[in-house]
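Each chain is listed here by its residues.
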Amino acid sequence: MNQTVICPGSFDPVTLGHLDIITRAAKMFDRVVVAVLVNSSKTPTFSTEERMELLRDAVSDLPNVDIVSFEGLLAEYCKNSGIGTIVKGLRAVSDFEYEFQMAIANKKLNPGLETMFLTADADSTFLSSSVVREIGSMGGDISNFVPACVHDRIAARLRK
Ligand code: PNS
């Protein structure tokens, strides 16, 4: 069976934690669609196009990964594109309630849609895009937190 999964998120910007989850999903499934989406409770620092561009470069060595963006509900997009599985990373107990809520809501909207969680790599449990933004905007070293190929662009953009 050809299985396509979706990894949705804000990716504002992509971190090594995101890349770890995407890379592991790409090994497990035939195709991974990474979706750069609107989270209505957040105001993004990077534009959608910037976030997609950074992700495209970060996954350029993964041939079965595509980057997309769309407006509207994730559950609807999955229904219309025949995607039956969402893959997300779980870093800590603090992620659980929010992720659980989204998984249940998505399943209510699209009963055929499953959410699978991959446990975050030990080095990424503390890591988030907001930590990267905070450190980067104060000129701190973010090289341990973001993919090397996009480090300079993210660091320069955050220093602005
Ligand atoms: O990286 P984030 O911000 O935790 O990702 C959250 C995201 C973008 C996956 C979520 O807000 C989302 O799915 N947005 C698309 C609109 C939607 O379907 N909202 C209902 C979610 S239950």
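In this text the structure is predicted, and so the values were computed from the model without any measurement.

1. A look at the packing of aromatic side chains
Each aromatic ring pair is characterised by the separation of its centres together with the angle its planes make. Under the counting rule described, the total for this entry stands at three aromatic pairs. Both rings, one in Phe 70 and one in Tyr 77, keep their centres 3.9 Å apart while their planes meet at 5°; by these two values the pair is stacked. Residue Phe 70 is classed as buried on the basis of its relative accessible area, which comes to 14%. Residue class for Tyr 77 comes out partly exposed when judged on its relative accessible area of 24%. Their ring planes at 70° and their centres at 5.8 Å tell us that Phe 126 and Phe 145 sit as a pair that is edge-to-face. You can see Phe 126 sitting in the loop between strand E5 (114–119) and helix H5 (129–137) and its partner Phe 145 sitting in the loop between H5 and helix H6 (148–159), a full 19 residues away along the chain. Geometry around Phe 46 places Arg 157 over its ring, the cationic atom sitting 5.0 Å from the centre.

2. Regarding the environment of Arg 24
Note on placement: Arg 24 falls in helix H1 (residues 16–28). As a C-alpha pair, Arg 24 and Ser 81 span 57 residues in sequence and 22 Å in three-dimensional space. Setting aside anything within four residues of it in sequence, one finds Arg 24 in contact with Leu 118, Thr 119, Ala 120 and Asp 121. Within the structure, Arg 24 has its side chain in polar contact with the backbone oxygen of Thr 119 (distance 3.0 Å).

3. Considering the side chain of Asn 64
Looking at the secondary structure, you find Asn 64 in the loop between helix H2 (48–58) and strand E3 (65–69). A polar contact of 2.9 Å, which involves the side chain of Asn 64, links it to the backbone oxygen of Ala 26. When near neighbours in sequence (up to four residues on either side) are disregarded, Asn 64 contacts Ala 26, Phe 29, Asp 30, Arg 31 and Val 32.

4. Some points on the sheet that holds E3
Read across the sheet, five strands follow the order E3-E2-E1-E4-E5 without closing on themselves; strand pairing throughout is parallel. If you trace the sheet from one side to the other, it starts and ends with E3 and E5, each paired once. Averaged over all pairs of adjacent strands, the angle between strand axes in this sheet comes to 30°, irrespective of strand direction. Here strand E4 (residues 85–90) runs beside E5; their pairing, made up of six bridges, is parallel. Bridge pairing in E5 places Thr 85 opposite Glu 114. Sheet strands touched by helix H4 (residues 93–109): E4 and E5. Its angle to E4, the strand with the most contacts, is close to 175°.

5. Side note on the site of the ligand
Taken together, 15 residues form the shell around the ligand, and within it Ser 10, Val 38, Asn 39, Lys 42 and Leu 74 come nearest. Within the contact set of the ligand, an oxygen atom lies 2.9 Å away from a backbone nitrogen or oxygen of Leu 74. The contact in question runs from an oxygen atom of the ligand to an N or O atom on the side chain of Tyr 98, over 3.1 Å. Protein coverage of the free-state accessible area of the ligand, which is 540 Å², stands at 82%. Element by element, the count of residues in the shell around the ligand is highest for H4, at four residues. In the shell around the ligand, the residues fall into eight nonpolar, five polar and two charged.

The rules behind the values
Residues numbered from 1 in each chain as written. Predicted model: local features only at pLDDT ≥ 70, side-chain atom pairs only at ≥ 80, totals over all residues. Heavy atoms only, no water. Phe/Tyr/Trp six-rings, centres within 6.5 Å; stacked < 30°, edge-to-face > 60°. Buried < 20%, exposed > 50% of the residue type's maximum accessible area, 1.4 Å probe, protein only. Helix = DSSP H or I, 4+ residues; strand = E, 2+ residues; numbered from the N terminus. Lys NZ or Arg CZ within 6 Å of the ring centre and 35° of its normal. Contact = heavy atoms within 4.5 Å. Polar contact = N/O pair within 3.5 Å; in protein donor to acceptor, adjacent residues only side chain to side chain. Pairing = 2+ DSSP bridges. Axes fitted to C-alpha atoms, helices over the stretch in contact; angles between N-to-C directions. Near = heavy atom within 4 Å. Areas by Shrake-Rupley, 256 points an atom, 1.4 Å probe, with all protein chains shown as cover. Nonpolar A, V, L, I, M, F, W, Y, C, P; charged D, E, K, R; others polar.

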